Amino acid sequence: MKKIFLLWLGLAILSASGMAQKKEASPAAASPMPVNAPAGEPLRVLKPDYAVTTTHIVTIKGQRVPYKATAGTIPVWDEEGKPIAGVFYTYFERSDINDRSSRPLVISFNGGPGTSSVWMQIGYTGPRILEIDDEGYPVQPYGLKDNPHSILDVADIVYVDPVNTGFSRPLNKEVPGSKFFGVAADIKYLAEWISTFVSRYKRWSSPKYLIGESYGTTRVSGLALELQNAQWMYLNGVILVSPTDLGIERGTVMDAALLLPYYSATAWYHKMLPPDLQQKDLTAMLPEVEAFTVNEYLPALTKGGSLEASARKDIADKVARYSGLPEKVVLNNNLDINTNLFWKELLRDKGFTVGRLDSRYRGIDKKDAGERPDYNAELTSWLHSFTPAINMYVRDELNYKTDLQYLMFGNVFPWDNKNNNTGENLRQAMAQNPNLHLLVQSGYYDGACDYFNAKYNLWQIDPAGKMKNRISWEGYRSGHMMYLRKEDLATSNQHLREFILKSIPQPGAGAMY
C-alpha cells in the first residue's frame, strides 16, 4: 500500500459558466479578516490575512438554502508568533441559522499530499458542482451547476488548502519546508490553523467533523488525535473517503492478497468473469472473493515456494477465476499479480487497458505487449476540466481577486513520511472520545486506494471490536472519486448527512462508556 502515498489526483471537474449564481461582496465588517487590499498593492503577493464574502442561494433536496461563501486566508504562525504562511480556505455558512451552537461544522481536506481541496469542493459536498454526464465523464461545454445533494443543508463546510496548494503559500523563501511538508509537520500546523479558524468564526460549541479524501485520510486521521491532545478540541466524527493505508503495515504478502477483491470487482464490471459469477450482482459476488482472499489466498502466498504443486495449481485456478486473468499469467507471477500488470492484462486481448483511480475507464496503448499501461486512462478524461472550473469559481463567483496561480498540485517535496502512525492515532482518538464516530467511503473500482484495504484498516483500528457501533463503511459502484457518478453523488452525500445527524448526541447526554 506504500504506492498510494503520493496520489497526485489529476482529476476533472468543469469550468464555471453562465450558470453562476448572483453574488455581492459583503462589507469589510461582515468578515473577521481584512477584506480589501490597500490601493496599489500587487495582487501577485500573498495576503496572509484577507477574505471576501459573497451571498448565494441553493436548493438542496427541494429546500431553499441561503448561504454566505467566504474565500480567504488565515496565517500560520511560528513558535514566536510570527506569520510564516497563509492558508487559503473557502467557507460556506448557511445564513438563515440564528444559533450555531448545535450547527455542525465540516472541515474538508483532499490529498496528494500536494493537492488542494478543489476535488470535494466542486465535485462532492459543496453547493456548486461540475457539469458532467451521469457516469462522471466530462462533457462540453464545461460549467458548474447547483448541487442538489450538498450537505450544506445540515452542516457548514470549510475547504482547506494546505501550504503550497491552491493559493496557500509560505510568506518568504527563508521559511523551511520542514515546517509543513511531512506527515507530522502537516498535522501539527493544520491543527493550530483549525483552532484559529474555529475561534475566529466562533464555532467552538459546534459539533465538528473532519473529512479527508485519499492522502487527506492520512491527514485527518492524525488530526483527530492532535486536535484532542494539543488543541483540546474534541470531534464528533471523522470521514475517510478512499482511504490510504493510514500507516498500518501490511507487508508484501498482505499487500498482494488484499488486492484480489478489487480485481474481481473490476473484472465483473468489464464482464470478464465466468458466467456463474458474472450473473450475480456485484455485492452478491464479492463476499465469496473476500472469503477466499482471507482463508485461502493469503495462507497460500505466505507459504511461497513451499506450497505444493497441486495446491499451487488449485490456488492459481481460483485467482484466475476471480480476477478475470489467464491462469498462466497467475502462475507465471507466482500467484502475485501487481496492479500495473492487472491494468494492462485484463483487457489486453480486446486492445484496451483499464484505469487506476477508476477502473471503469478504458485506455489504448501504443502496443498491446508490455506489463503496464502507457498512461492512466481516467486521468486524461478528468484533467482538462478541473483547473478552469476552480479558477472561474473562486475568482468570478466568489469574487476573490488575486493574480496568484491556483496550484492544483504544488511542490511539497521532500515529504517526510516517517512516523506515519495515523491509523493508530485515529484509534487512540476514538478510544479517548466516546462521542467520536467514523465513516469510511470506498469505490469498488478504485485501484489506488482499494475498498478491501479500507476494510482491513477498520479491522486493525478496532482489533477488539469494541467500537463497532461507532464505525461504518459504505461502498459505491465507481472509483476513487465515487461522487462523480450521479447515482453515487446522491447516495454518498445522503450517507454523510445521516452520519452527521446520527453522531450528534442528545442534549445533556454524557460522553461516557
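Residues numbered from 1 in each chain as written. Predicted model: local features only at pLDDT ≥ 70, side-chain atom pairs only at ≥ 80, totals over all residues. Heavy atoms only, no water.

## Observations regarding the overall build of the protein
Basically, it comes down to this: Each helix is a run of H or I in the DSSP string that is no shorter than four residues. Each strand is a run of E no shorter than two, and both are numbered from the N terminus. Using C-alpha atoms as the atom set, the radius of gyration is obtained and then compared with a globule rule of 2.2 Å times the number of residues to the power 0.38. Contacts between residues were defined by any pair of non-hydrogen atoms, one from each residue, lying within 4.5 Å.
When helices and strands are tallied, the protein shows 14 helices and 14 strands. Rg of the C-alpha trace for the protein: 23 Å, near the compact-globule value of 24 Å for 513 residues, within the 12% margin. Along the first, second and third principal axes, the C-alpha set of the protein runs to 75 × 55 × 50 Å. Taking the intrachain contacts of the protein between residues at least 6 apart in sequence as the baseline, contacts between residues at least 24 apart amount to 74%.

## Details of helix H14 (residues 486-502)
In plain terms, the rule: What a helix is expected to span follows from its residue count: subtract one and scale by 1.5 Å. Only protein chains enter the accessibility calculation, which uses a 1.4 Å probe; a residue is then buried when its area is under 20% of its type maximum, exposed when over 50%, and partly exposed in between.
With 17 residues, H14 extends 24 Å between its outermost C-alpha atoms, agreeing within 8% with the 24 Å of an ideal straight helix rising 1.5 Å per residue. Turning to H14, its buried residues number three or more, namely Asp-488, Leu-489, Ser-492, Asn-493, His-495, Leu-496, Arg-497, Phe-499 and Ile-500.

## Details of the packing of aromatic side chains
To keep it simple, the criterion reads: Any two rings among Phe, Tyr and Trp, with Trp reduced to its six-membered ring, count as a pair given centres within 6.5 Å; such a pair is stacked if its planes are under 30 degrees apart, edge-to-face if over 60, and tilted if neither.
Overall, the coordinates contain 34 aromatic pairs when judged by the stated rule. Pairing Tyr-215 with Trp-415 gives two aromatic rings, centres 5.5 Å apart and planes at 90°, and the pair type is edge-to-face. Highlighted residues: Tyr-215 in helix H3 (residues 215-230) and Trp-415 in the loop between helix H11 (377-397) and helix H12 (422-432), separated in sequence by 200 residues. Residue Tyr-215 is classed as buried on the basis of its relative accessible area of 2%.

## As for the pattern of salt bridges
Definition in use: What counts as a salt bridge is simple: a side-chain nitrogen of Lys or Arg found within 4 Å of a carboxyl oxygen of Asp or Glu.
In this structure the tally under the stated criterion is 30 salt bridges. With a shortest N-O distance of 3.1 Å, Arg-128 and Asp-146 are connected by a salt bridge. With a gap of 18 residues between them, Arg-128 in strand S5 (residues 128-130) and Asp-146 in strand S6 (residues 144-146) connect regions that are remote in the sequence. The exposure class of Arg-128 is buried, given its relative accessible area of 1%.

## Some words on the nonpolar core
For the record, the criterion: Joining through side-chain atoms within 4.5 Å is the link that ties buried Ala, Val, Leu, Ile, Met, Phe, Trp, Tyr and Cys residues into a set, and such a set is a nonpolar core.
In terms of nonpolar packing, the biggest core is built from 98 residues, with Ile-194 and Phe-197 touching the most fellow members. Ignoring sequence-local partners within four residues, the contact set of Phe-197 consists of Ile-74, Tyr-89, Tyr-91, Leu-105 and Val-158. Residues Val-52, Leu-357, Tyr-393 and Ile-500 belong to the second largest nonpolar core, which totals 58 residues.

## Considerations on the packing of H3 against H12
Defined as follows: Here an axis means a line fitted to C-alpha atoms, over the contact stretch when the element is a helix, while the angle between two N-to-C directions is reported on a 0 to 180 degree scale. If an angle is under 35 degrees, it is roughly parallel; if it is over 145, roughly antiparallel; if it lies from 65 to 115, roughly perpendicular; otherwise it is oblique. Helix crossings are classified by the rotation of the near helix relative to the far one: an anticlockwise turn of less than a right angle makes the crossing left-handed, while a clockwise turn makes it right-handed. Each residue gets one of three labels, nonpolar for Ala, Val, Leu, Ile, Met, Phe, Trp, Tyr, Cys and Pro, charged for Asp, Glu, Lys and Arg, and polar for the others, Gly among them.
Remark: H3 packs on H12, axes separated minimally by 8 Å, with the N-to-C direction vectors making an angle of 45°. Considering the angle they form, H3 stands oblique to H12. In terms of crossing hand, the pair formed by H3 and H12 is left-handed. For the pair formed by H3 and H12, the contact residues are Thr-218, Ser-221, Gly-222, Ala-224, Leu-225, Gln-228 and Asn-229 on the first element and Thr-422, Asn-425, Leu-426, Gln-428, Ala-429 and Gln-432 on the second. Here the contact of H3 with H12 is built from residues that sort into four nonpolar, nine polar and no charged.

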